[in-house]
Amino acid sequence: DAKTTQPPSMDCAEGRAANLPCNHSTISGNEYVYWYRQIHSQGPQYIIHGLKNNETNEMASLIITEDRKSSTLILPHATLRDTAVYYCIVKRVDNNDMRFGAGTRLTVKP
Amino acid sequence: DTAVSQTPKYLVTQMGNDKSIKCEQNLGHDTMYWYKQDSKKFLKIMFSYNNKELIINETVPNRFSPKSPDKAHLNLHINSLELGDSAVYFCASSSWDSGNTIYFGEGSWLTVV
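Residues numbered from 1 in each chain as written. Chains lettered and ligands numbered in written order. Predicted model: local features only at pLDDT ≥ 70, side-chain atom pairs only at ≥ 80, totals over all residues. Heavy atoms only, no water.

### Remarks on the overall build of chain A
- In terms of helices and strands, chain A carries 0 helices and 9 strands.
- Taken from the N to the C terminus, the helices and strands of chain A come in the order β-β-β-β-β-β-β-β-β.
- Here the C-alpha atoms of chain A give a radius of gyration of 13 Å, agreeing with the 13 Å that 2.2 N^0.38 yields for 110 residues.
- Once the C-alpha set of chain A is aligned to its principal axes, its extents read approximately 40 × 30 × 25 Å.
- Within chain A, the proportion of its 110 residues that are buried is 45%.
- Here the analysis covers contacts within chain A between residues at least 6 apart in sequence; of these, 57% occur between residues at least 24 apart.
- Of the roughly 5500 Å² of accessible surface on chain A, a fraction of 47% belongs to carbon and sulfur atoms. (Helix = DSSP H or I, 4+ residues; strand = E, 2+ residues; numbered from the N terminus. Rg over C-alpha atoms; globule rule 2.2 N^0.38 Å. Buried < 20%, exposed > 50% of the residue type's maximum accessible area, 1.4 Å probe, protein only. Contact = heavy atoms within 4.5 Å. Areas by Shrake-Rupley, 256 points an atom, 1.4 Å probe, with all protein chains shown as cover.)

Encoded structure:
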């Protein structure tokens, strides 16, 4: 599966949109982009995933570039509770092997 | 109801002991996993079972043995515990029907003293 590159840390002001980037330049045509987050001391939490179209759910929006080599997770109105490590992962939907990198530590500040 | 539940949540034990961590999922998933997160916070897959059959087995000491009595359970047995086994162990599950999105439990904090 393709590797991903994320900034190690980011800050965001409470109430503002948090935009978390992810590069996956070697992504294959049948690989999806998944986003998870891990709030301190809790289990990783699924956020969203997509193949090539932009996706939105109650938690976030996922914007995937047309060439699929990068994506951005958007938390539209970040709250203090969104402070967490965010992981971007690419894998085939039929592959059970999900590998986590170092992720981006997002700190939402008052 | 908790979708993926693990017990115990906290476990402190002495070196050399044998311990087990239990995991149950009520999502009807057919694949279950064990992940380990060490003090450096890297989350690494250890094992994966699909319909009670082992499909992923990373380079893990053979002191670690997963056991899946049925599709809803995947227990982790650890023999002859060592200090380096101290970590948070996460159980997870997924299903082809749900796009193989993996759902995690809350973790079991193991401390070996």
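### Here we look at the side chain of Gln6(B)
Residues and elements named next belong to chain B.
- You can see Gln6 is positioned in strand 1 (residues 4-7).
- Gln6 sits in the buried class, given a relative accessible area of 10%.
- A polar side-chain atom of Gln6 sits 2.9 Å from the main-chain amide nitrogen of Cys91.
- A distance of 3.0 Å separates the side chain of Gln6 from the side chain of Ser108, its partner in a polar contact.
- With sequence-adjacent residues up to four places away left out, Gln6 is seen in contact with Ile21, Lys22, Cys23, Trp34, Tyr89, Phe90, Cys91, Gly105, Glu106, Gly107 and Ser108. (Polar contact = N/O pair within 3.5 Å; in protein donor to acceptor, adjacent residues only side chain to side chain.)

### A short note on the environment of Val108(A)
- By the element assignment, Val108(A) lies in strand 9 (residues 104-109).
- Separated by 93 residues in the primary sequence, Val108(A) and Gly15(A) place their C-alpha atoms 8.9 Å from one another.

### Observations concerning the nonpolar core
- Counting residues in hydrophobic clusters, the biggest one holds 21 residues, and the most contacted among them are Leu20(A), Trp35(A), Leu73(A), Leu75(A), Tyr86(A) and Leu106(A).
- Each residue touching Tyr86(A), except ones within four places of it in the same chain, is listed here: Gln6(A), Leu20(A), Trp35(A), Tyr36(A), Arg37(A), Ile47(A), Leu73(A), Leu75(A), Gly103(A), Thr104(A) and Leu106(A).
- The next biggest cluster of nonpolar side chains, apart from the first, holds 19 residues, and it includes Cys23(B), Ile78(B), Ala87(B) and Val112(B). (Core = buried A, V, L, I, M, F, W, Y, C linked by side-chain atoms within 4.5 Å.)

### Regarding the sheet that holds strand 1 (residues 9-13) of chain A
Residue and element names in this part refer to chain A.
- The strand order across the open sheet built from 5 strands is 1-9-8-3-4, with neighbouring strands paired in mixed fashion. At either margin of the open sheet sits one strand with a lone partner, and together these are strand 1 and strand 4 (45-50). For this sheet the average axis-to-axis angle between neighbouring strands, irrespective of direction, equals 25 degrees.
- With 8 bridges joining them, strand 3 (residues 31-38) and strand 8 (residues 84-92) adopt antiparallel strand pairing. Across the sheet, Arg37 pairs through a bridge with Tyr86, a residue of strand 8. (Pairing = 2+ DSSP bridges. Axes fitted to C-alpha atoms, helices over the stretch in contact; angles between N-to-C directions.)

### Details of the interface of chain A and chain B
- Taken together, the 20 residues of chain A in the interface contact 24 residues of chain B.
- A combined buried area of about 1700 Å² lies between chain A and chain B, and 53% of that area is made up of carbon and sulfur atoms.
- Contact with chain B buries surface across chain A, with Pro44(A), Asn96(A) and Phe100(A) losing the most and accounting together for 31% of the total.
- At the surface where chain A touches chain B, the tally comes to 1 salt bridge.
- The partner of Glu58(B) in a salt bridge is Arg99(A), and the shortest N-O contact between them spans 2.8 Å.
- Taken together, the connections running from chain A to chain B amount to 4 residue pairs in polar contact (both at pLDDT 80 or more).
- For the side of chain A that touches chain B, the element with the highest residue contribution is strand 3 of chain A, accounting for 3 residues.
- Its residues placed into classes, the side of chain A that touches chain B shows 9 nonpolar, 7 polar and 4 charged. (Buried area = accessible area lost by both parts, 1.4 Å probe. Salt bridge = Lys/Arg side-chain N within 4 Å of Asp/Glu carboxyl O. Nonpolar A, V, L, I, M, F, W, Y, C, P; charged D, E, K, R; others polar.)

### Quick look at the pairing of strand 5 (residues 43-50) of chain B
Residue and element names in this part refer to chain B.
- Of all 8 residues in strand 5, 6 are buried, a share of seventy percent or more.
- Pairing geometry for strand 4 (residues 31-37) and strand 5, over 7 bridges, is antiparallel. When the sheet's bridge partners are listed, Lys36 is paired in strand 5 with Lys44.
- Hairpin remark: strand 4 followed by strand 5, antiparallel, with 5 residues in the connecting loop; positive phi at Lys41, about 75 degrees.

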